Structures are given as C-alpha cells and as structure tokens.
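# Inside the fold
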Protein chains: 2
Amino acid sequence: MTLAADTNIVTEQLADGLERVERAFEAQLSSTFPAVDTLCRHAERYRGKMLRPTLLLLSGMGTSTGVPAFTEKHVIAAATVEMIHMATLVHDDVLDEASMRRGGATVNFLRGNETAVILGDYLISNAFHLCSRVGDPALNLRLGEVTNALCEGELVQLSRRHDLALDRATYLEIVRRKTAVLVGACCEIGAKLSGASPSVTSACYSIGEKLGIAFQIQDDLLDLTGNEETVGKSIGRDLEKGKLTLPTILSLERESGAARVAVLRAIEARDGDSLKALLLSSGAVESARDFARDIVQKARLELTSLHQPQVRAIFDSLADQVVDRAR
Amino acid sequence: MTLAADTNIVTEQLADGLERVERAFEAQLSSTFPAVDTLCRHAERYRGKMLRPTLLLLSGMGTSTGVPAFTEKHVIAAATVEMIHMATLVHDDVLDEASMRRGGATVNFLRGNETAVILGDYLISNAFHLCSRVGDPALNLRLGEVTNALCEGELVQLSRRHDLALDRATYLEIVRRKTAVLVGACCEIGAKLSGASPSVTSACYSIGEKLGIAFQIQDDLLDLTGNEETVGKSIGRDLEKGKLTLPTILSLERESGAARVAVLRAIEARDGDSLKALLLSSGAVESARDFARDIVQKARLELTSLHQPQVRAIFDSLADQVVDRAR
C-alpha cells in the first residue's frame, strides 16, 4: 500500500474514533433531571474542532506497536479532555462576558452567570468522573496536575489584567498553563496509553505543548483582528477585559515615542479598531503570527517520535491549521 | 478503662487527625505564583467547623478493627472532601452575591466574581488531584459521583428559583444532592477505608446523608432567622435569590386565605423581616426545626453500625449540634 492509501485508512479510523468520543461524551452527560439535561445538550453545541481528542487519538495511533490503533481507554480519555476543555469555555465566557460561541448564544447570555458557573462545575466534575472509569490512578493524577496548571494560568492572567507592564515571558507562561499544558497532555496521554516509552511520551507532550502555545497565540490574534461572524464567537474581549496579548506586547517592546503612546492610548480607551490598525500597520500582528509559526515549525521537527509515517503525515497537516485558520 | 476515658483518647486522636488534615490541605494548595498563593491563604480562612473531615475520620475510627484508628488515606480523603466543600462555598458566594463568610469578606466581594469563579475551579481541581494521590480508582469514581450529584442539586435549585410551587419532596431532593450526598459519602468513605463490610459502609452513608439533610435545613433556618454577626456570613440570601426553604414550604402547604396571601406577599416583596415574623408566629419555623430533629433522631438509631462505643458517643453528641447551633 502507498502512504496515501495508508493515510486514508488512518483518517477513517480517526473519524470513527471521534464518533466514539462523542458518544462517550453524551452518555456521560445525560441527567435524569430535564433542567440539567437541557443545559448539557446546550453545552454540547460548543463542541467544535475537537482538537484535543483528535491529538490524543492521533498520538495514540502514531506511537502504537503494529498497525496504528487506539483502545477504549483512549476514547474515554479523549472524551475527558474535551469535557475539561468545554468546562473552561463555559467559565471563560462568564469571565469574558461573552454572548456568542460557535455562532450561538453562550450559556451565561441565555441563562445567566449563576447557571453557567454551576454548569461549568458540572462539566469538570463529570470529566473527573469519566476519567476515573478508566481505573488508572496515574491518569487521574496527571489530569489533576493539568487542570491545576490550567486554573493557575487563568488566575495569574486575572491578576495581571490591565497591567501594561506584562512582558512576553509572563504572557507565554500564562498561555502555556492555561492552554498548552492540556494540549501537551493530550499527546502525552495518547502515547502513554499506547505503551510508548517515557522518552517518546515526553516528546509527544512537547509537540502538543508547542502546538498549544501556537494555537492560543492564533486565538488571541483572531480576538484582535478576526471577524465575529467568521470566528463564530464574541471578539475584542481581550482588550475589553484588559488582557494584553502577543502583538500588543511585541509592539510595546519595540515602539517608542508617539507610536508607543498611540498604542497605549488605544488600549486605555479600549478602542479596538485603532489598536488593530496600529498593530497591523506596525507589523506587530505579522510578528506575532511569525512567532506562532516558528513554534509550530519546532513542533514539526519532533514529529519523528511518532513512528507511524501515515499518522505523522496527518499530524503534519494538522500543525499548519493551528496557525492558518480564520476561526 | 471507663467509656469516658476511652472517649477522651478518641477525642485527642480526632484532634490530631484534623491537624494532619489541615497540613495536607495547606500542602496541596501551595502555589509558586504569589498571586495564586495569596488567594489560597484567603480561601483557607473559610475553614470552619470541619464537619466533613470530622465525620470521615470518626466513621473510620468507629468501624476500624481493634482499637479506633485511621490511616494516612483517611487523612488525604478528609482533606479532599473539605476542599470540595470549600470550592462549593466559593462558588455559592458568587451565586448568592454574598459579601461575608466566617466573619470576613468573601473572595467575590474582595476580588470580583471572575477571580472567585476560577479560584473555585482551582479548589475543585486540587481536590481531585489530592484524592488521586491515594491511588484508589474506586475513591476517585465515588467522589466524581458525589460532585456530579452536588452540581445537579445546585442546577435543579437554580432552575426552580422564584418558583412558589416548589414542593417539599423537591426541596428535600435538592438538599439531599447539594449537601447530604457529600456528607453521606464522608461517613461511607471513612468506613470503607477502614475495611468495613458493604452493609456497615452503606449504613454509615445513610447516617451521614440524614445528618447532611438536617444540617442544610438548619443552615436554611439560620439564613431566615439568624443574626448576621452570630452566623458570621451574609444572611437573607435565600429570600433575595428566590430560594424557597422548608419553613416557607411548610407554611404554604398549611395556610390558606389571608395568612397564605401574607406569606406570598412577603416573599414577592423580598421582605425578610415580615416573612420571618409570619413563619415564626405560625409555627412553621418550629415545624421545620422539628422535621430536622426527627431526621437526626433517625440517624442516631443507625449509630449501632459504629461498633466502637467511644466513637459512637462522640458521634451522638455531634448529631445534636447539627440542629442545635446558632452558626
């Protein structure tokens, strides 16, 4: 068989796996209370790219012995990481006072912050309950570490809101914790459940962490420059909420005099159009995108850890989409 | 030795155990980020009665073979249940827009709802991380079930806010899920970690569930009739947030005509003083307290499952305090 034919087989396996992930997700989230069930069905509409389950399954297939394969444990773990991600979306929308997500109304917009807070809690709780079903204490412990890091990233970000002195290193550490640690863990867990060696597992974590950082930088870029209809969610929230992101930080690193004052004024006035125009014309947006592309390129160099070439090929094309996407 | 002397020994053991629980709690919650650490120290001020760890350790001691004893696993599990409880307090205060807790300012009051939401998440996450350290998949699974029930209870309660048709059975089911399932699980887990039989473990759950229901009824009574300074937290929140509690439900069950209209008017006007006066004079408050006392009495009959008499004696006096308390 050719690599292309093999790749098609893996793509079909992946699609089948993601369907199983969806079923596991829905089965976990069904409640006997109609009021709770309705909320769960609403939250499921948030399910979008399924990036995290995809990376977990692919990482499992790319490191499995014999033919590319994943197990039921991979499926449960993949549904768990997606549920953790969804919980963060529900709470993020409360924090950002966002009204739109995946082209629909957010839970907080429709049902109020209180319901959104508890629905997010319910999703976190169900995620831990679901992953406990795998019966692997190491998996529970690892996911606990991951969600601890995730919350720490959010708490540090909150503590640095409206802080114009936020530097690149701190921004990247916030991004690493709030987004990349989970994406890294997806790749790591996929490999580990396939019985990969510690060195391969750790390389997989590193690939995922890099993709996660690049993904978040692109997310922040879309919040600044994207079109709400295309992105499908409320944009301009970072500026509104006082969160400095990479293009702004790069601009403040470089600019001085009137150019710097103009950027600071746009931030203080929460003038999204001006800020966008300034950061586009100064090249700061392009620099931030280049920064993300560089990280993706570094992740790509580590793909040799996935010994299945057909899986590597899919991972490779997926890596591009992390940065080259409009939503 | 006399029963009194033996009881003193158990009381000292318990005090020692609770100190170990506090240390495990603090060790789990320390963060390398000062911003996060400060928040954790603030949340620790919420630690009050330590009811849940106390019940877990006592249940462990009451069902252990040989002399009353608990293990390091009991200590970790006890710190975990207290952390889960603290997470719910932090999020409850957001939901109730409460400004005071244990005589001090709430996190949401001091630092805003956003920080309180994520701090609550961080506490939940750390609770799961901590309990994963026990390395017992059954414990993780059980606590996942418990927190699922807890969130469902809150979600059902939210969906029934301002619903004057809320009946006693639904109220009790909300209370069971949002409070009593966790308290029941404390007793169950304590016994299970001591190697108790399934029938003893299940009896311990039943004792805890009953005490939990009575405890919540008393909490709701304090919100209606208590003194803010004595209770140490914001009161009158149930009426403000449209939550019907037992005395109101009992009153609406019984009253008709003008008496009923007066109660409904006080609720609609959110007139706490009038509602309190009406429910006190009609005997509805006393009936609700009797209802709670009856449940405590039923729990007391099951204490024979704790075969250590000195532990049973402590449990017995603790049962009284569930209802007879002013804070």
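Residues numbered from 1 in each chain as written. Chains lettered and ligands numbered in written order. Predicted model: local features only at pLDDT ≥ 70, side-chain atom pairs only at ≥ 80, totals over all residues.

## Topic: the overall build of chain A
The criterion, for reference: Segments assigned H or I by DSSP are reported as helices when at least four residues long, segments assigned E as strands when at least two residues long, and all are numbered from the N terminus. Exposed residues have 12 or fewer other C-beta atoms within 10 Å of their own C-beta, buried residues have 20 or more, and partly exposed residues fall in between, where C-beta atoms are placed from the backbone. Any residue pair is listed as a contact if its two C-beta atoms, each placed from the backbone, are within 7 Å.
Looking only at helices and strands, chain A has 16 helices and two strands in total. Projecting the C-alpha coordinates of chain A onto the three principal axes gives extents of approximately 60 × 50 × 35 Å. The proportion of buried residues among the 327 residues of chain A is 53%. For chain A, long-range pairs separated by at least 24 residues make up 74% of all intrachain contacts whose partners lie at least 6 apart in sequence.

## Some thoughts on the interface of chain B and chain A
Keep this limit in mind: Here the nonpolar group is Ala, Val, Leu, Ile, Met, Phe, Trp, Tyr, Cys and Pro; Asp, Glu, Lys and Arg are the charged ones; every other residue, Gly included, is treated as polar.
At the interface, 37 residues of chain B touch 37 residues of chain A. Mapped by element, the contributors of at least two residues to the side of chain B that touches chain A are helix 2 (34–44), helix 4 (72–95), helix 6 (113–132) and helix 7 (137–159) of chain B. Sorting elements by how many residues they give to the side of chain B that touches chain A places helix 7 of chain B first, with 14 residues. Grouping the amino acids of the side of chain B that touches chain A by side-chain chemistry returns 18 nonpolar, 13 polar and six charged.

## Some details on the environment of D136(A)
Within the secondary structure layout, D136(A) lies in the loop between helix 6 (113–132) and helix 7 (137–159). Through-space distance from the C-alpha of D136(A) to that of K73(A) is 9.5 Å; in sequence the pair is 63 residues apart.

## So, the environment of I235(B)
Residues and elements named next belong to chain B. For I235, the location among the structural elements is in the loop between helix 10 (228–231) and helix 11 (237–240). Considering only alpha carbons, one finds I235 and G272, 37 residues apart in sequence, at a separation of 9.8 Å. I235 has contacts with L222, D223, G226 and E228, leaving out every residue within four places of it along the chain.

## Points about helix 1 (residues 3–28) of chain A
An α-helix turns once every 3.6 residues. As a result, residues three or four positions apart point the same way. Residue and element names in this part refer to chain A. Threshold: To estimate the expected span of a helix, subtract one from its residue number and multiply by 1.5 Å.
Given a rise of 1.5 Å per residue, 26 residues ought to cover 38 Å, and the 37 Å separating the end C-alpha atoms of helix 1 matches this to within 8%. Burial in helix 1 covers these residues: V10, L14, G17, V21, A24, F25 and Q28. For helix 1, the secondary structure elements touched by its buried residues are helix 3 (51–63), helix 4 (72–95), helix 6 and helix 16 (309–323).

## Here we look at the relation of the copies chain B and chain A
Stated precisely, the cut-off is as follows: To line up the copies, we fit them by least squares on C-alpha atoms, keeping just the residues with pLDDT of at least 70 in both.
Overlaying chain B on chain A yields an RMSD of 0.0 Å, the required transformation being a rotation through 180° with an accompanying axial translation of 0.0 Å. Such a turn and shift between the copies fits a two-fold axis. For chain B, the smallest separation between a C-alpha atom and the rotation axis is recorded for P137(B), amounting to 2.9 Å. Here 100% of the interface residues in chain B have copies in chain A that are interface residues too; the copies meet face to matching face.

## A short note on unusual backbone geometry
Even without a glycine there, the phi angle at R270(A) is positive, about 50°. Its place among the elements puts R270(A) in the loop between helix 13 (257–268) and helix 14 (272–281). Here R270(A) falls in the partly exposed class, since 13 other C-beta atoms lie within 10 Å of it. Although it is not a glycine, M50(B) adopts a positive phi angle of roughly 55°. Looking at the secondary structure, you find M50(B) in the loop between helix 2 and helix 3 (51–63).

## Notes on the environment of E209(A)
Residue and element names in this part refer to chain A. When you line up the elements, E209 lands in helix 9 (residues 198–225). It is 8.3 Å that separates the C-alpha atoms of E209 and T179, two residues lying 30 residues apart in sequence. Aside from chain neighbours lying at most four places away, what touches E209 is R176, A180, V181, V183 and G184.

## A few points about the confidence of the model for chain A
Low-confidence regions, as indicated by low pLDDT, have predicted coordinates that should not be scrutinised in detail. Our working definition: Per-residue confidence from the predictor is given as pLDDT, running between 0 and 100.
With 100% of its residues at a pLDDT of at least 70, chain A reaches an overall mean of 93. In the predicted assembly, ipTM is 0.93 and pTM is 0.93.

## Quick word on helix 8 (residues 168–193) of chain B
Residues and elements named next belong to chain B. Short version of the rule: What the bend at a residue measures is the angle between two axes, fitted to the seven residues ending there and to the seven starting there.
Its 26 residues give helix 8 an end-to-end C-alpha distance of 35 Å, which sits within 8% of 38 Å, the value for a rise of 1.5 Å per residue. Along its length, helix 8 shows its largest kink, about 50°, at A180. With 20 of its 26 residues buried, helix 8 lies for the most part within the structure. G195 sits one or two positions beyond helix 8 and adopts a positive phi of about 80°.

## Observations regarding the packing of helix 9 of chain A against helix 16 of chain A
Each pair of packed helices gets described by two things: the angle between the helix axes and the distance between those axes. Residue and element names in this part refer to chain A. Stated precisely, the cut-off is as follows: A fitted line through C-alpha atoms represents every axis, and for helices the fit uses only the stretch in contact; the resulting angles, taken between N-to-C directions, go from 0 to 180 degrees. To sort the angles, those under 35 degrees are grouped as roughly parallel, those over 145 as roughly antiparallel, those from 65 to 115 as roughly perpendicular, and the leftovers as oblique.
Their axes nearest at 7 Å, the elements helix 9 and helix 16 cross at an angle of 30°. Here helix 16 runs roughly parallel to helix 9, going by the angle between their axes. Residues L211, A214, F215 and Q218 of helix 9 form the contact with helix 16, whose participating residues are A319, V322 and V323. Across the contact of helix 9 with helix 16, the residue classes tally to six nonpolar, one polar and no charged.

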